[in-house]
Each structure stands twice: as C-alpha cells, then as structure tokens.
Amino acid sequence: MNEGKGRFDIMELIKKVLFTDFVKGLVITFGYNVSMDSVITVKYPDEEKWIPYRRFRGLHTLNRTADGRELCVACELCSKACPTRCITVIPMEDNTGRGISDRVAKVWKVDLVRCLFCGYCEDACPTRAVRLGREYELACFDRNCAVKNREELLRPQPVPEEMSGGVVAKARLRTTPDGIEVVADLSETRKRRV
Amino acid sequence: MTEKNDLIATKEITLHMGPQHPSMHGVLHLILDIQGEKIVHAEPDIGYLHRGTEKIAENLLYHQFVPYTDRLDYMASMSNNLAYVQSVEKLLGIEIPERAKYIRVAAAELSRIAGHLLAIGAWALDLGAMSILLYAMREREYVLDIFEMLCGSRMTLTYLRVGGVRYDFTQECKDACARMIELFPSRIDEYETILTGNRVWIQRNKGIGVLTAEQALDLGLSGPALRASGVKWDIRKDEPYLVYDRLDFDVPTGTNGDCFDRYLCRMEEIRQSMRIIRQAVRDMPDGPFNVDIPEICPPPKPDVYKNMEALIHHFKYVSQGFKAPKGEVYSSIESPKGELGVYIVSDGGEKPFRLKLRSPSFMNLQTVNAMSEGMYLADVIAIISSLDPVFGECDK
C-alpha cells in the first residue's frame, strides 16, 4: 500500500518536473495559433461589418407606405409606452396627403441618451410606423446629435427588410466632413466563425 | 513564530481596493485592514452604481419595468426578466402556456451559460490566465448571437413579458441551440484542460476562501458558491418553477467549500445547463406563447388592424397597463449568481406599491469578510472572483 503510494508520488513528481500541466494547456493555445480557421475576430470597421438579425433593436425608423405616405398618425402611443419617456410627439392637422390620415406628426423625436432600446414603442405602434432598425453605430460628438428627428428617421434603411441578417458583410471605412461611416457591401457576406 | 512576528512589528494599515482597481469586479470598493500581507478585516463598500431601481418600479406600469430588470445582472439578463415577470404572474394568479414555459427555461439556461462563461473568464484573467477569457468570450459571443436572433438584443434582452414571451422561439433558434450543444462540450473540456490541472490555478484557488456549510447557510449564501460548500440547495430542484421538475439534470456540489470547488461547480453547471437546453428544445410543444387574456397580453398585431375589440385592448394596455389585485407576493428563481427574488406589494393599482429585489450578488458579498480573514491580499482577488458579484445587481 505504502509502496504504491510512493510510486504514485514519483509519477506526480515526474509530471511536475516535466511541466505536463502547462504543456497540456500550451498545446491548446498553440493549436489556435497555427490554425487560421480559428480566427474569430471581425475586421471591423476597415474591412468587415456585422449585419444584425432581423429582430435587432437598433436606431428607430419611421416608415412609409409603398406610395410614400407616412404611416405615423401621431397617436402618441409610443411616447406613452416608453418606460423612460424619451419620445416626443407633437401632432398636427394635414390633409395634403402627407400621411395616411389627416393627423400627422409635426415633431417626432427620440432622445437616444435616455432610450433603453426595449422596443416597446414598436410594440405599441398601431400602424407599424415605428420600427427599431438595424442601425447601431450611434456614437457622436455632442448631445445634440443624440436626439433624432422625424426627417432623419424617415430616411430609407441601408439594410433591406428582406435580408435575414446574422452575417458579416464586406465593408469599407469612409471619411466624410461630418465624421466617419462604415459602408457595408451586402452582396458579399459570410457567416461568423464559431 | 510569534517571536519573529514580534520582531518585525508591522503596523496594521487600511488599504482601499477598488473601485478603480483593474481586477475588481465592477465598482466594488473593498476596505481591507491588513497586517503585513494578511487580511485582518475586509469590508465591502457598495453603492457606486445605485440607480434606485426599486423606486423606479413604483413609478412604472407592471409591464414597463421589464427593461430595467435587464440592467440588474447584465451578464445574464434573462434570469432577471424571469424573476420579475414570474412574480407579477404570481400576483395576478395566471398560468402561462406550456410553450412559453419551455421557451423561458431554454432562454434562462442560455443566459446562465453566458453568465458563467464570463464569470470563469474574468476569474481566470484576474489570476493571470488571459487565454481563458478570450475563449470564454468566443463561446459567449455564440450565445449572444442566439439571443440576437431570438429577441433582437445581445445584452439587454427584454425578452419575457408578463404572460409569456415577446417573440416566438423559431426553428432557426432551435437549430442554433442544437449546434451550440454539439459545439460547446469540447470547448468546455478545453478550459478544464488548461485550468483544472494547472498548478498555478490550483495553488491560487485550492484552500482559499474556505466556507463551511454552516457558515455559508448562516451568512445567507446562495447559488453555486453555496453548493460548493456542500449544501445541495438549488431552487430549480427544491422548489421547482416552470418545467424544471420535468427535466432531468444534476445539481453539482462541492466538498471543501473553497474557490476551487466553486470553479468546478460553475463548470459542471454549464454542462448541466446544456443538458437542460437540449431537453427543453426537444420537448417544446407547439401552440401559443402568450396567455389568452387580452388585458394582460395584448392581441397580436394582425388582429389589432382588423378587430375593433383587439384595438381597444391594445390601446388600453399601452396607455393604462393592467391592474393587479391587492396583496403581497414573493417569488424567487435560481439565477446564475444565486437566489434572485422579487417581492411585490400591490395596492390594487396598475403600478407596484413597493418592489423589493433580493439580489444574490448583494447577499453573497457579505461572506467576503468570513472568507478572506487570515488570507493573503492576493487571495482576495480569487475570493471576489469566485463569488462573481455583478454590481448592477448588487447596488440596484
């Protein structure tokens, strides 16, 4: 019994001297170093950009009907549903055909500093006018640009609704006088490596 | 020995560790009384991230508070959603559909995996094994991708709602879960190969921060840290909620109650979570995923456009919420960190009169002194990491 224990200890000692515990770990880390398939990082923003899934809750968008009329009827349900009260809606009368009804939004703005991106405004909207889009690059230089107005949110989305997303697209970094933006090329995509 | 100590008389000094310390978790501020390198007394000073979450709840409708619960334990927000909506449902006395129960189990276990992965990754990083953090982040990223597919957000999920879930658990998500289950076990084994046998890891964790079962119970410890002390207490098993009583899984327990056992418990829990997800996804029945009570859960959008009754319910739900009966209710779940309970006092209105959160990080943190007394300063890092406090939850 004692001998057996002694043998066991010697084995342990040999293992310790040969650093088998370290070697085992290093084999794994070294394996990752040599195989190129294991690179999981995305070359954002210079070469690639993540296109989120369809349910993604990013920057708000205001939508139009197919013939270009605004869907928003300024019912103010979104501002009521908002837990942080970050949406301001001021309605006005307009029968020139701008919206789908005579009531349209004079002001529709969202304060992104307060927004939780919970998507309750989207759930509350009775006309599917408000959607949380797939725009997620929201950094800016001052607080004024954190408040997004109706005109800005009505612009068409860079990622079309039909695209299911969840892919990494080729992209390039563009520098403009207003700042920088990452323009994704949606025709060339790949799945994320896992 | 004592004589030697007398010769080199060191003065007891007070050391402030954190909140800016690189290996402190979040904004924990520890006030350590140390004698040389040994800890005489450790006192956590908390409150740097206090946002008055409980007070916010008193000013919001029942369904509006769910996004705030995401910000409690932001490493595993699904569990917080679950604890909150479950207690509201208990207050309302409603039973959710079977499908919603299975979806909730799968989602909560996914977030447990995400939480434990980060716990182990950050722990290893604090003790100098950086590669584990990178590997754990890679796996966590996969879980977060599933979340993005499922509910459109990676961290602040807001997936559960009172009376069910917000979006359906699609076939795509099921496939992603199946892929995860075949992918992860070998990855978890890799972590074990790197860490479990490693002499540095063993020396820094074995016998450090020992807490006996009685001490752990007296101090109100819960979660993996309690189970590592040898107490087999898991709310999923002992007071089953949702469908946990129908699922087959083991509750790992430790024997020594030291940091190493807590590490092993967490590792085993990740494996058990994957077993649960496999069963939950397999057994998930078809059917509705929201309760059929229009006051509590507004009808789906297509109905709202066509049906006047549905439109009225929709407007009423959004603008006024729903009234809960007068009463008090406490319900708790097993979150990745421990017992997460929500206590609601209702005065019959559509907002809670008072809401109390029993957050595991806060309760677990009071064991820091008992664990670190007599230990070295460097061991405090391992002790804190082994408790895995998250400060969104601790400071509320």
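Scroll up to find the structure.
Source: prediction; values computed, not measured. Position labels on residues start from 1 in each chain and follow its written sequence. The naming scheme follows written order: chains are lettered A onward, ligands numbered 1 onward. Given that the model is predicted, a residue must reach a pLDDT of at least 70 before its local features are reported, and side-chain atom pairs must reach 80 or more before they are shown or counted; all residues, however, enter totals for whole chains, interfaces and linings. To get the side-chain values, all heavy atoms of the structure are used, and hydrogens and water are removed first.

*Asks:* Help me understand the pattern of salt bridges in this model?
*Replies:* Pairs can form between side chains of opposite charge whenever their charged atoms are close. Residues and elements named next belong to chain B. Each reported salt bridge corresponds to a side-chain nitrogen of Lys or Arg within 4 Å of a carboxyl oxygen of Asp or Glu. This structure, assessed with the given rule, holds 48 salt bridges over all chains. Linking Glu54 and Lys396 is a salt bridge whose minimum nitrogen-to-oxygen distance equals 3.4 Å. Remark: Lys396 occurs in the segment after helix H18 (391-394) and Glu54 occurs in helix H2 (residues 53-58); sequence separation between them is 342 residues. Judged by its relative accessible area of 11%, Lys396 is buried. A salt bridge links Glu192 to Arg271; the nearest nitrogen and oxygen atoms lie 3.1 Å apart. Note that Glu192 is positioned in helix H7 (residues 171-195) and Arg271 in helix H12 (residues 259-283), a separation of 79 residues in sequence. The cut-offs for exposure are 20% and 50% of the maximum accessible area for each residue type, with area from a 1.4 Å probe on protein chains only; residues under the lower value are buried, those over the upper are exposed, and the others partly exposed. We classify Arg271 as partly exposed; its relative accessible area is 22%. What counts as a helix is a DSSP run of H or I of at least four residues, what counts as a strand is a run of E of at least two, and both are numbered from the N terminus.

*Asks:* What should I look at first to understand the sheet that holds strand E8 (residues 354-358) of chain B in this one?
*Replies:* Within a beta sheet, neighbouring strands are joined by backbone hydrogen bonds and run either parallel or antiparallel to one another. Residues and elements named next belong to chain B. One bridge is not enough; two strands pair if DSSP finds at least two bridges between them. Taken in spatial order, the three strands line up as E6-E7-E8 in an open sheet, and their pairing is antiparallel. The outermost strands of the open sheet, each flanked by one partner alone, are strand E6 (327-335) and E8. Taking each pair of neighbouring strands and ignoring which way they run, the sheet shows an average axis angle of 10 degrees. Sheet topology places E6 next to strand E7 (residues 338-346); nine bridges connect them, and they run antiparallel. From the neighbouring strand, Val329 faces E7, where its bridge partner is Ile344. Along the sheet, helix H4 (residues 77-92) contacts E6, E7 and E8; its crossing angle with E6, the most-contacted strand, is approximately 150 degrees. Note on geometry: axes are lines fitted to C-alpha atoms, helical ones only across the stretch in contact, with angles between N-to-C directions running from 0 to 180 degrees. Throughout, a contact is declared for two residues whenever any of their heavy atoms are within 4.5 Å.

*Asks:* Help me understand the sheet that holds strand E3 (residues 38-45) of chain B in this model?
*Replies:* Residues and elements named next belong to chain B. With antiparallel pairing, the three strands of this open sheet are ordered in space as E1-E2-E3. In the strand order of this sheet, the two ends are held by strand E1 (12-17) and E3, each with one partner. Each strand of the sheet is rotated relative to its neighbour by a mean of 20 degrees, with strand direction disregarded.

*Asks:* What is the right way to look at the packing of aromatic side chains in this model?
*Replies:* Where two aromatic rings form a pair, the distance of their centres and the angle of their planes describe that pair. All names here are of chain B. Pairing of aromatic rings covers Phe, Tyr and Trp, the last counted by its six-membered ring, and requires centre-to-centre distances within 6.5 Å; plane angles under 30 degrees mean stacked, over 60 mean edge-to-face, and any other angle means tilted. Scanning all chains against the criterion turns up 15 aromatic pairs over all chains. Ring centres 6.0 Å apart and planes at 70 degrees place the aromatic pair Tyr244 and Phe249 in the edge-to-face group. For the pair Tyr244 and Phe249, one class covers both residues: buried. Ring plane angle 20 degrees and centroid distance 6.4 Å describe the contact between Tyr317 and Phe322, whose orientation is recorded as stacked. Accessibility classification places Tyr317 together with Phe322 in one group, the buried group. By the ring-pair criterion, three or more aromatic residues cluster together here, those being Trp123, Trp201, Phe260 and Tyr263. Sitting above the plane of the Tyr376 ring, Lys38 keeps its charged end 4.9 Å from the centroid. Either the NZ atom of lysine or the CZ atom of arginine qualifies as a charge over a ring when it sits within 6 Å of the ring centre and within 35 degrees of the ring normal. In this structure, Arg236 packs its charged tip against the face of Tyr244, placed 6.0 Å from the ring centre.

*Asks:* What should I look at first to understand the side chain of Glu70 of chain A in this one?
*Replies:* Residue and element names in this part refer to chain A. For Glu70, the position within the fold is in the loop between strand E2 (60-62) and helix H3 (77-81). Two N or O atoms form a polar contact when they lie within 3.5 Å of each other; inside protein one atom must be a possible hydrogen donor and the other a possible acceptor, and for residues adjacent in sequence the pair counts only when both atoms belong to side chains. A polar atom in the side chain of Glu70 sits 2.7 Å from the side chain of Arg150. Ignoring anything within four residues of it in the chain, the contact list for Glu70 reads Asn63, Arg64, Arg98, Gly99, Ile100, Arg150 and Leu154.

*Asks:* Please clarify how the environment of Leu49 of chain B should be interpreted in this entry.
*Replies:* Residue and element names in this part refer to chain B. Mapped onto the elements, Leu49 comes out in the loop between E3 and H2. Residue Leu49 is classed as partly exposed on the basis of its relative accessible area, which comes to 28%. Put simply, Leu49 and Val27 are 22 residues apart on the chain and 7.2 Å apart in space, counted from C-alpha to C-alpha. Excluding residues that lie within four positions of it along the chain, Leu49 makes contacts with Val27, Phe391, Gly392, Asp395 and Lys396.

*Asks:* Where do I start with the interface of chain A and chain B in this structure?
*Replies:* Bring the parts together and some accessible area is lost; that lost area is often taken as the interface size. Taken together, the contact between chain A and chain B spans 37 residues of the former and 47 residues of the latter. Of the roughly 3,700 Å² buried where chain A meets chain B, counting both sides, 54% is carbon and sulfur surface. It is Arg55, Arg57 and Val194 of chain A in chain A that bury the most area against chain B; as a group they hold 21% of the surface buried on that side. Run the count over chain A and chain B and you get four salt bridges. Ionic pairing is found between Asp123 of chain A and Arg166 of chain B, a salt bridge with its closest N-O pair at 3.1 Å. Summed over both partners, buried area is the accessible surface (1.4 Å probe) that two parts give up on being assembled.

*Asks:* I tried to follow the packing of helix H2 (residues 20-34) of chain A against helix H6 (residues 130-151) of chain B on my own but got confused; where do I start?
*Replies:* The angle between the axes and the distance between the axes are what describe a pair of packed helices. Where H2 of chain A contacts H6 of chain B, the two axes come as close as 12 Å, and the packing angle between them is 60 degrees. Relative to H6 of chain B, the element H2 of chain A is oriented oblique. In this structure, the crossing between H2 of chain A and H6 of chain B has a hand that is left-handed. Each of Ile28, Thr29 and Tyr32 of chain A in H2 of chain A lies in contact with H6 of chain B, whose residues at this interface are Ser131, Tyr135 and Arg138 of chain B. In these notes the angle categories are as follows: under 35 degrees is roughly parallel, over 145 is roughly antiparallel, 65 to 115 is roughly perpendicular, and the rest is oblique. Take the far helix as the reference: if the near one is turned anticlockwise from it by less than a right angle, the crossing is left-handed, and if turned clockwise, right-handed.

*Asks:* Looking at this structure, how should I read unusual backbone geometry?
*Replies:* Backbone geometry follows two general trends: most residues other than glycine have a negative phi, and most peptide bonds adopt the trans configuration. Cis geometry marks the peptide bond from Tyr44 of chain A to Pro45 of chain A, where omega comes out at 0 degrees. Here Arg85 of chain A, not a glycine, exhibits a phi torsion of approximately 55 degrees, which is positive. Structurally, Arg85 of chain A is set in the loop between H3 and strand E3 (87-93). Overall, the relative accessible area of 54% leaves Arg85 of chain A in the exposed class. Of note, the phi angle at Thr158 of chain B is positive, near 50 degrees, even though the residue is not glycine. If you trace the backbone, Thr158 of chain B turns up in the loop between H6 and strand E4 (160-161).

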